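The lines below spell out each chain.
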Amino acid sequence: MRGILVREAQTLGLDCGDSDIRSRLAQKTNFLTLSVAQSTEPDDAALKVILNKNSERFLSPVAIAFQQI
């Protein structure tokens, strides 16, 4: 029944120009994206490939310290 109501609302254009609906859809998409991202954990081999391809992103800048006496 709910699917029929959603289709009818879309046919009538009730989903267009409604900031509440856009916000809810964005929220739901974000939730699904985070859920998928959190449910997958890369193995060591995949992490090594990413590190090798993007090694410059994971470098720390050289830090030099001195003390004047």
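In this text, all values refer to a predicted model and were calculated from it rather than measured experimentally.

1. Some points on the overall build of the protein chain
Helix and strand counts for the protein chain come out as 3 helices and 0 strands. Starting at the N terminus, the α and β elements of the protein chain follow one another as α-α-α. By the compact-globule yardstick of 11 Å for 69 residues, the protein chain is too spread out, its C-alpha radius of gyration being 24 Å. For the protein chain, the C-alpha atoms occupy an extent of roughly 75 × 35 × 15 Å along the three principal directions. Within the span of the protein chain, comprising 69 residues, buried residues form 0% of the whole. About 7,100 Å² of surface is accessible on the protein chain, with carbon and sulfur atoms providing 58% of the total. Side chains of the protein chain carry 8 positive and 8 negative charges; the gap between the two charge centres is 2 Å.

2. Concerning the confidence of the model for the protein chain
Of the residues in the protein chain, 100% have a pLDDT of 70 or more, and the chain-wide mean is 85. Taking the mean pLDDT of every element in the protein chain, the minimum, 80, falls on helix H1 (residues 2–11) and the maximum, 93, on helix H3 (residues 44–53).

3. Some words on a nonpolar patch on the surface
On the surface, a nonpolar cluster with roughly 370 Å² of combined accessible area is contributed by Leu 47, Ile 50, Leu 51 and Phe 58. As for its placement among the helices and strands, Phe 58 is situated in the segment after H3.

4. A few points about the layout of surface pockets
Approximately 400 Å³ is the volume attributed to the largest pocket. What lines the largest pocket is simply Arg 2, Val 6, Ala 9, Gln 10, Leu 14, Asp 15, Ile 21, Arg 24, Leu 25 and Lys 28. Of all the secondary-structure elements, those providing two or more residues to the lining of the largest pocket are H1 and helix H2 (19–39). Residues of the lining of the largest pocket, tallied by class, amount to 5 nonpolar, 1 polar and 4 charged.

5. Thoughts on the environment of Gly 13
With respect to the element layout, Gly 13 can be found in the loop between H1 and H2. Look at Gly 13 and you get partly exposed, because its relative accessible area is 28%. Residues Gly 13 and Glu 56 lie 43 residues apart in sequence; the distance between their C-alpha atoms is 48 Å.

Here is what the cut-offs are and how they apply
- Residues numbered from 1 in each chain as written.
- Predicted model: local features only at pLDDT ≥ 70, side-chain atom pairs only at ≥ 80, totals over all residues.
- Heavy atoms only, no water.
- Helix = DSSP H or I, 4+ residues; strand = E, 2+ residues; numbered from the N terminus.
- Rg over C-alpha atoms; globule rule 2.2 N^0.38 Å.
- Buried < 20%, exposed > 50% of the residue type's maximum accessible area, 1.4 Å probe, protein only.
- Areas by Shrake-Rupley, 256 points an atom, 1.4 Å probe, with all protein chains shown as cover.
- Lys, Arg positive; Asp, Glu negative; His and termini not counted.
- Charge placed at Lys NZ, Arg CZ, Asp CG, Glu CD.
- pLDDT = per-residue confidence, 0-100.
- Patch = residues over 30% accessible without salt bridge, like charges linked within 9 Å, V, L, I, M, F, W, Y side chains within 5 Å.
- Salt bridge = Lys/Arg side-chain N within 4 Å of Asp/Glu carboxyl O.
- 1 Å grid on protein atoms, 1.4 Å probe; cavity = no way out; pocket = protein on both sides within 12 Å on 5 of 7 lines; lining within 4 Å.
- Points joined across faces, edges and corners; volume = space filled by probe spheres on them.
- Nonpolar A, V, L, I, M, F, W, Y, C, P; charged D, E, K, R; others polar.

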